[in-house]
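Listed below are the residues making up each chain.
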Amino acid sequence: MAHDPSHEHHANVDHAAMGIEKEHPTWSTYWKVATILTLITVVEVWIYYIPSIVASRAFVPSLLIMSAVKFFTVVAFYMHLRYDHKLFRVLFTAPLIIAMTTIVALLFLFGKLSARTGALG
Amino acid sequence: MATTAAAPAIPATDSYVGTSGVWSWLTTVDHKRIGTLYLFTSLFFFLLGGLEAGMIRWQLAVPNNHVLSAEAYNQMFTMHGTTMVFLAIMPLSAAFFNYLIPLQIGARDVAFPRLNAFSYWVFLFGGIFMNASWFVGAAPNGGWFGYAPLTTLQFSPGLNIDFWVLGLQILGVSSLAAAFNFITTIINMRAPGMNLMRMPMFTWNAFVVQFLLILAFPVITIALVFLQFDRFFGTNFYTIAAGADPLLWQHLFWIFGHPEVYILVLPAFGLTSEIIPTFSRKPIFGYPVMAYATMLIAFLGFGVWAHHMFAVGMGPIADTVFGVTTMLIAIPTGVKIFNWVFTMWGGSLQFTTAMKFAIALVALFTIGGISGVMHASPPADLQQTDTYFIVAHFHYVLFGGSMMGIFGGIYYYYPKMTGRMLSEKLGNWHFWLMFIGMNLTFFPMHFSGLYGMPRRIYTYDAGQGWERFNLTSSIGTAVLFIGLLIFVYNFLIAGRRGAIAGNDPWGAGTLEWSIPSPPPEYNFARIPRVTSRLPLWDVKTPTLNAEVPHTDRGDRRLDVDVGTKHTGHSHPNPANSYPQQATESGMHIEEATGKSAKDLGIPMPNQTIKPLICAAGLTIMFTGLLFIHEDKHSLAIATILTGALIMTMSLYAWVLTPLEDHH
Amino acid sequence: MTHAAAAHSAHDDTHGHPPTSTGLDNKKIAIWAFIGSECMLFASLISTYLIYKGRSVVGPYPHEACLPPGCSTPLKAILNIPVTSASTFVLLMSSLAMVLALAAVETKDQPKTTTGEKILGSSKLWLWMTAILGTTFLGFQAFEFTSFVHEGLTIRTNLFGSSFFTLTGFHGAHVTAGVLWLLTLLAIDYRRGLGPKDAINVDLAALYWHFVDVVWIAIFTLVYLIK
């Protein structure tokens, strides 16, 4: 394919925009994402003020889920990981998994330790 | 330092045309020169750390010795550990990363040459900063692990720990900057045909280590920030009275500390994986498994940190989990050991000095690995923790593993770096003295440890059964020193008197041996097209390479439009879309031509002083904090602001200047 | 055209450098690696905050009031959810402005006729918007910090104070660096105009900016909302 000079030229034009994904989400996608993010935030704050929900077991998990949805929406659309080269996905996801596992492991270790101290005390 | 290394070994190759003198070294952005700077600086720090070890062994040679006071002893072992880990082994590995990665993947430089220079200067200034503490009589004294709350202001009021905390912060910047650079370099600067599964084993190990660095260093950065804030701004992170947990530091430190162990040893594994195939005249056994084992070691390395803390009483579940994950790591590590052995099996072995060091690594690291599996078991660990048994274990890993590999690497790559051979005769002496000295020093420590001798005591009474082992260890250290002196002599004279090396003195198979020694500034006059894992053997000794897969599947895969799957857009991989380049440059051997990059029309990055200034600004900024504890607050603020200003301005000047002239 | 000549022309177009092996930009790979590294940085900060949650021996506390004898004077729960919700919204909107700025730079060369297209296509407008929203977020944070100090919570008061100010302070420092980066891009835009060839550099700033935003999304839930 590179025998064709015009094709080669094309490859080098691409070079100028290397790393920019080719198919962009449109402006309307951006606005929709912003609306969704705002709505989730409103719901988050709203349930914070409803004592019955705060008291229920669903409070913390639902907040965590909503926050995760926001997190991954921004990453997928605004950081355009959804449209981008899979290498970037690996570069971000692998550390993120290690980071989250570390947080969970640490909480487990410390929670357990304080529980035992409590039992002893 | 500069003048020694600057003297070109073979004037005919003209490797650094028109760029000699101190200024050219201060402004260099050439990865080979930066690698050389790393090598000389870290060897100097290695000798310094060795002297500190010598003082320790002198003090412990006989019971109730008083060569060192208790305070001086604390400083000595703290600085020995800190120096060896952060100022010797890590930068020695960095020297090889710098020198070899671009050569092994067929690139002309790293992805960010100026960032590379910045990394070196930050490392140098950080090392000087850390050691400046000796001159104010306040060298760090809290152990290389710096356990808080011992290291908080309440228990360590002097400047000692301030130097340690700030020094490590500075050094962390260097390691992180270098790691981003090498990750990008390895992903993106490979020559056509050099797909991931054709990368030399050293580059593979280096690649994995960079990920360990970028994931482990932020954790210690934060642990140190807490300590720094506690010490300078009165926060409570490690204040037990305020409810702080004494284990917080230990957890954060070892989340960093255990991956750090692999950061120290994997580069040496990489060097060994280059040396053994060359001198066995066989491709490495189980190449893909070697690569996967490296990744697995790194990944598991993040899940074992608490085995350093069995003694704190985390409870049976945590102990079991961390014990099991630790034992799991023995599997990929064992895979590596067996692969090295199987590489040698049936090969025509050549016992050069480099090969001896590599074989020594396999043997000695195995000993350290086995004692490691012993204290992976919590009940056994409770007997061994904080005794000399542990000291024996990690010296077999770090001296028997890392340093043996690095010395092997130096003998193997010295000809490439200087164009001349190190003396094999002296090398033989060096190897045997070091091998005997190392075992004489560290093997008895297993016994003194099992007899109950604790670590970090500055002296001990007679009659506990420790005298003989300690004396033997100290004699062993003296033997090590003789070996080391022979090495230094060999290293310094070979640059002028060594035999001329030529491109490929060892008959190796990887790209770096296809170009002149020392390589010209542009490395490759024509970028080669890589034909297999051992492309040079394809050209020179194809029979050795018969078993290496030569499918073009990898090539074809790279030729597939990158990103097509995800973007629906044609994006041909430019590196692989010029078949004419293949026929034109192919896999070839380049002889020394003496031509400069200019002669050949190869654009090279401009030299610049800005990274050095930026690194100096960063160091000044951290130095300013020291004055807080001297109660010179305005001086502290003035210094910090000056440093920040220098750093920011040079950073802007650097980023806004193009890397090279436009033609 | 002969092969040699083709190779030569290819060289000219890429300033003599061999093209990268993945076809991706070096800087973009580096920034993603950097962001991966930052995940661990904030993971350490966040876990410390969570580990120390509820372990302070003196008030003020984040979510519950502190009454005597725990505190010498009664102290109310210190976190101000309405204000922080507003600042969270501001930061989310700054991310929207940032993607629009990037899109404007990427499409600089396309002709724009309607007023709407002109507004959406103004990189200066959206870069300014992002920087201003970022600064507003920092203003909220400064207000929050000062009011906490007035209510008796400093970085030295208790474990909550130490871990809270360090975590949110680190985040604030990241926002500050991001604002400086945006202002630098703006300066370049005013000097010579940002066009599609600069899109990669704006993209780097954008990725960093959004990452700082997602960190805040996590902090807002873990620190402010979960009691």
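This one's a predicted model, so the numbers in the text were calculated from it and none came from an experiment.

Chemist: Can you help me understand the overall build of chain C in this one?
Modeler: Within chain C, the secondary structure is distributed over seven helices and zero strands. When the elements of chain C are put in sequence order from the N terminus, they spell out α-α-α-α-α-α-α. Expressed as a percentage of contacts within chain C between residues at least 6 apart in sequence, the contacts between residues at least 24 apart total 76%.

Chemist: How do you make sense of the overall build of chain A when you look at a structure like this?
Modeler: Within chain A, the secondary structure is distributed over five helices and zero strands. Listing the helices and strands of chain A from first to last along the sequence gives α-α-α-α-α. Expressed as a percentage of its 121 residues, the buried residues of chain A come to 45%. Within chain A, contacts between residues separated by at least 24 positions form 48% of all contacts whose residues are at least 6 apart in sequence. Summing over all exposed atoms, chain A offers an accessible surface of approximately 6,200 Å²; the carbon and sulfur share of this is 75%.

Chemist: Help me out: how do you make sense of the packing of helix α4 (residues 70-105) of chain B against helix α5 (residues 113-135) of chain B in this one?
Modeler: The packing of two helices is summarised by the inter-axis angle and the distance between the axes. Residues and elements named next belong to chain B. Between α4 and α5, the shortest axis-to-axis distance is 12 Å and the interhelical angle comes to 165°. Looking at the two axes, α4 sits roughly antiparallel to α5. Crossing of α4 over α5 shows left-handed handedness. Contacts between α4 and α5 pair Gln75, Met76, Met79, Thr82, Phe86, Leu87, Pro91 and Asn98 from the former with Asn116, Phe123, Gly127, Met130, Asn131 and Trp134 from the latter. Among the residues making up the contact of α4 with α5, the classes are represented as eight nonpolar, six polar and no charged.

Chemist: Honestly, the interface of chain A and chain C in this entry has me stumped. Any pointers?
Modeler: It is common to report an interface's size as the accessible area lost on association of the parts. Listed as interface residues are 52 residues of chain A and, on the opposing side, 58 residues of chain C. Summed over both partners, the interface of chain A with chain C comes to about 4,900 Å²; 78% of that surface belongs to carbon and sulfur atoms. Scanning the region where chain A abuts chain C turns up one salt bridge. The partner of Asp84 of chain A in a salt bridge is Lys28 of chain C, with the nearest N and O atoms 2.7 Å apart. Inspection of the region where chain A meets chain C yields four residue pairs in polar contact (both at pLDDT 80 or more). Taken together, the elements giving at least two residues each to the side of chain A that touches chain C come down to α1 (5-16), α2 (27-48), α4 (59-78) and α5 (86-120) of chain A. Among the elements that make up the side of chain A that touches chain C, the one with the highest residue count is α5 of chain A (13 residues). Looking at the side of chain A that touches chain C residue by residue, the class counts come to 35 nonpolar, 12 polar and five charged.

Chemist: Is there a simple way to think about the packing of aromatic side chains in this case?
Modeler: Considering all chains together, one arrives at 78 aromatic pairs over all chains under this definition. Both rings, one in Trp144 of chain B and one in Phe253 of chain B, keep their centres 5.2 Å apart while their planes meet at 70°; by these two values the pair is edge-to-face. Placement of Trp144 of chain B in the loop between α5 and α6 (160-188) and of Phe253 of chain B in helix α8 (residues 247-280) is noted, with a sequence separation of 109 residues between them. One cation-aromatic arrangement involves Lys124 of chain C over Tyr190 of chain C; the distance from NZ or CZ to the ring centre is 5.1 Å. Taking the ring centre of Tyr48 of chain A as reference, the NZ or CZ of Lys227 of chain C above it sits at 4.3 Å.

Chemist: I'm lost on the environment of Val373 of chain B in this one. Help?
Modeler: All names here are of chain B. Note on placement: Val373 falls in helix α11 (residues 353-374). Residues Val373 and Val324, 49 residues apart in the sequence, show an inter-C-alpha distance of 10.0 Å. Beyond its immediate chain neighbours, meaning those up to four positions away, Val373 contacts Met327 and Ala330.

Chemist: Quick question: what am I supposed to make of empty space enclosed by the protein here?
Modeler: Empty space among the atoms can be located by rolling a probe the size of a water molecule over them. All names here are of chain B. Scanning the entire structure with this criterion turns up five cavities of 30 Å³ or more. Estimated volume of the largest cavity: approximately 200 Å³. At the level of secondary structure, the elements contributing two or more residues to the lining of the largest cavity comprise α4, α6, α7 (201-233) and α8. Sort the elements by how many residues they give to the lining of the largest cavity and α4 lands first, with six residues. When the residues that make up the lining of the largest cavity are grouped by side-chain class, the tally is 13 nonpolar, four polar and no charged.

Chemist: What's the story with the pattern of salt bridges in this structure? I'm lost.
Modeler: Pairs can form between side chains of opposite charge whenever their charged atoms are close. All names here are of chain B. Applying the stated criterion across every chain yields a total of 11 salt bridges over all chains. Taking the shortest distance from any N to any O, the salt bridge between Asp30 and Lys32 comes out at 3.2 Å. The exposure classification of Asp30 matches that of Lys32, with both residues buried. The shortest N-O distance in the salt bridge between Asp162 and Arg231 comes to 2.6 Å.

Chemist: Looking at this structure, how should I read helix α3 (residues 81-106) of chain C?
Modeler: Along an α-helix, residues three or four positions apart point the same way, because every turn accommodates 3.6 residues. All names here are of chain C. Compared with the 38 Å implied by 1.5 Å per residue over 26 residues, the 38 Å span of α3 between its first and last C-alpha is a close match. Of all 26 residues that make up α3, 22 are buried, and the element is covered over most of its length. Sitting at the amino-terminal end of α3 is Asn80, which places a side-chain oxygen 3.3 Å from the backbone nitrogen of Val83.

Chemist: What exactly am I supposed to notice about unusual backbone geometry here?
Modeler: Apart from glycine, the bulk of residues carry a negative phi angle, and the bulk of peptide bonds sit in the trans form. For the bond running from Ala148 of chain B to Pro149 of chain B, omega is 10°, close enough to zero to count as cis. With respect to the secondary-structure elements, Pro149 of chain B resides in the loop between α5 and α6. Following Gly59 of chain C, the chain continues to Pro60 of chain C via a peptide bond in cis, the omega torsion being -5°. Structurally, Pro60 of chain C can be placed in the loop between α2 (26-52) and α3. Its identity is not glycine, yet Asp386 of chain B carries a phi of approximately 60°, on the positive side. Even without glycine at this site, Asn523 of chain B takes up a positive phi of about 65°.

Chemist: Help me understand the nonpolar core in this model?
Modeler: Among soluble globular proteins, nonpolar side chains are generally buried collectively. Core analysis: the largest hydrophobic core is formed by 303 residues, its most contacted members being Phe92 of chain A, Ile410 of chain B together with Trp32 of chain C. The leading source of residues in this core is α7 of chain B, at 23 residues. Excluding residues that lie within four positions of it along the chain, Ile410 of chain B makes contacts with Leu39, Leu43, Phe96, Leu422, Phe487 and Phe491 of chain B.

Chemist: For this particular structure, what's the right way to read the confidence of the model for chain A?
Modeler: Low-confidence regions, as indicated by low pLDDT, have predicted coordinates that should not be scrutinised in detail. Residues and elements named next belong to chain A. For chain A, per-residue confidence averages 78 on the pLDDT scale, and 72% of positions sit at 70 or higher. Note that residues 1-21 has pLDDT below 50 and, in this model, 50 contacts with residues that lie over four places away or in other chains. Overall, residues 112-121 carries pLDDT values under 50, and its contacts beyond four positions in sequence, including any with other chains, amount to eight contacts.

The rules behind the values
Residues numbered from 1 in each chain as written. Chains lettered and ligands numbered in written order. Predicted model: local features only at pLDDT ≥ 70, side-chain atom pairs only at ≥ 80, totals over all residues. Heavy atoms only, no water. Helix = DSSP H or I, 4+ residues; strand = E, 2+ residues; numbered from the N terminus. Contact = heavy atoms within 4.5 Å. Buried < 20%, exposed > 50% of the residue type's maximum accessible area, 1.4 Å probe, protein only. Areas by Shrake-Rupley, 256 points an atom, 1.4 Å probe, with all protein chains shown as cover. Axes fitted to C-alpha atoms, helices over the stretch in contact; angles between N-to-C directions. Parallel < 35°, antiparallel > 145°, perpendicular 65-115°, else oblique. Left-handed = near helix turned anticlockwise from the far one by under 90°. Nonpolar A, V, L, I, M, F, W, Y, C, P; charged D, E, K, R; others polar. Buried area = accessible area lost by both parts, 1.4 Å probe. Salt bridge = Lys/Arg side-chain N within 4 Å of Asp/Glu carboxyl O. Polar contact = N/O pair within 3.5 Å; in protein donor to acceptor, adjacent residues only side chain to side chain. Phe/Tyr/Trp six-rings, centres within 6.5 Å; stacked < 30°, edge-to-face > 60°. Lys NZ or Arg CZ within 6 Å of the ring centre and 35° of its normal. 1 Å grid on protein atoms, 1.4 Å probe; cavity = no way out; pocket = protein on both sides within 12 Å on 5 of 7 lines; lining within 4 Å. Points joined across faces, edges and corners; volume = space filled by probe spheres on them. Expected span 1.5 Å × (residues − 1). Core = buried A, V, L, I, M, F, W, Y, C linked by side-chain atoms within 4.5 Å. pLDDT = per-residue confidence, 0-100.

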